Amino acid sequence: MKTALRTAIILFVFSLMLISVKPVHAQCSQCAAQVETSSKNGSSAANGLNKGILFLLAAPYLAVTAVGLIWYKKYRRKNVNIDMPAKKLNLN
């Protein structure tokens with residue numbers, strides 16, 4: 001039951017992240033000026049520049065995700081059998 005609730009929460013948060021996506025136009029002032037003048041002349045350099053910026057922005061997040069996945073797979077607990085004695089313990 002606990003894992004089903006956890007999975008449902010993760011799926012809900014992930015779906016909210018996918019629904020709330022907004023287009024990003026992140027450019028420095030020089031790039032913005034260059035793209036603005038070239039788009040007035042009919043060039044489509046703005047789309048390529050925005051896609052390149054988003055690609056460069058996504059690379060560190062993908063690297064951190066890969067390292068986290070490798071760490072999780074390597075150090076997670078396996079099915080550990082703990083043999084406890086059946087006798088009563090006196091803790092006094």
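Procedures and definitions
- Residues numbered from 1 in each chain as written.
- Predicted model: local features only at pLDDT ≥ 70, side-chain atom pairs only at ≥ 80, totals over all residues.
- Heavy atoms only, no water.
- Helix = DSSP H or I, 4+ residues; strand = E, 2+ residues; numbered from the N terminus.
- Expected span 1.5 Å × (residues − 1).
- Buried < 20%, exposed > 50% of the residue type's maximum accessible area, 1.4 Å probe, protein only.
- pLDDT = per-residue confidence, 0-100.

1. Description of helix α1 (residues 2–19)
- Over its 18 residues, α1 runs 26 Å from end to end, which matches the ideal 26 Å to within 8%, given 1.5 Å per residue.
- In terms of burial, α1 is largely open, as just 0 of its 18 residues are buried.

2. Focus on the confidence of the model for the chain
- The predicted model of the chain has a mean per-residue pLDDT of 80, with 91% of residues at 70 or higher.
- The least confident element of the chain is helix α2 (residues 29–40), whose mean pLDDT is 76; the most confident is α1, at 88.

3. Regarding the environment of Ala4
- Residue position: Ala4 is located in helix α1.
- A residue is classified by how much of its surface remains accessible, and Ala4, at 47% relative accessible area, is partly exposed.
- Considering only alpha carbons, one finds Ala4 and Leu56, 52 residues apart in sequence, at a separation of 35 Å.

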